[in-house]
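Spelled out, the chains give:
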Amino acid sequence: MKVGLLHFELRIDDARSLKDKRSVVRSLRDRLHRDHLVSVAEVGDQQVWNRAQMGVAVVAETASRVTDVLDRITRKLESLQDAQLADCQRDIFDPFDLPADTPLWTLIGRP
């Protein structure tokens, strides 16, 4: 089993309110979940109206499958019409290779 994590930041320049931002975030979250069968969540900057930090998690049998899914998601993020990809970090790991007390957030360097 392999786990892939993708942490990315979006700039939403056309947003003029949290309602505008949440519309973009909700639409993207639903689309990524539906199209790629991944877990997606807004993980930071919830009260900032023109920026969103989001995370994606995918589990698959092989690292190549996880890489393929994360590559497709990254390409989709790079081509968004209503937001711009500002930053993107990924990690792929085997959870059974980690010490039992390793916090998962340390794998991509985010507190």
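All values reported here derive from a predicted model rather than from experimental measurement. (Residues numbered from 1 in each chain as written. Predicted model: local features only at pLDDT ≥ 70, side-chain atom pairs only at ≥ 80, totals over all residues. Heavy atoms only, no water.)

This brings us to helix α2 (residues 63-78). Since the α-helix advances by 3.6 residues per turn, residues separated by three or four positions end up pointing in the same direction. Over its 16 residues, α2 extends 22 Å from the first C-alpha to the last, a length consistent with the 22 Å expected when each residue adds 1.5 Å. Every buried residue of α2 is accounted for by V66, V69, L70, I73, T74 and L77. Buried positions in α2, seen along its axis, are confined to an arc of 135 degrees and lie on one side of it. Seen from the buried face of α2, the exposed residues on the opposite side, beyond 90 degrees, are S64 and E78. (Helix = DSSP H or I, 4+ residues; strand = E, 2+ residues; numbered from the N terminus. Expected span 1.5 Å × (residues − 1). Buried < 20%, exposed > 50% of the residue type's maximum accessible area, 1.4 Å probe, protein only. Arc of directions from axis to C-beta.)

The residue K21 is located in helix α1 (residues 18-36) in this model. Excluding residues within four positions of it along the chain, K21 makes contact with I12, A15, E42, D45, Q46, Q47, V48, W49, R51 and A52. (Contact = heavy atoms within 4.5 Å.)

What follows concerns the pairing of strand β1 (residues 2-11). Within β1, seven of the 10 residues are buried, which leaves it mostly tucked inside the rest of the structure. As paired strands, β1 and strand β3 (residues 51-60) are joined by 10 bridges and run antiparallel to one another. Bridge pairing links V3 to V59 in β3. As defined by bridge partners, β1 adjoins strand β4 (residues 84-93) across nine bridges and the pair is classed as antiparallel. Directly across from G4, in β4, lies its bridge partner I92. (Pairing = 2+ DSSP bridges.)

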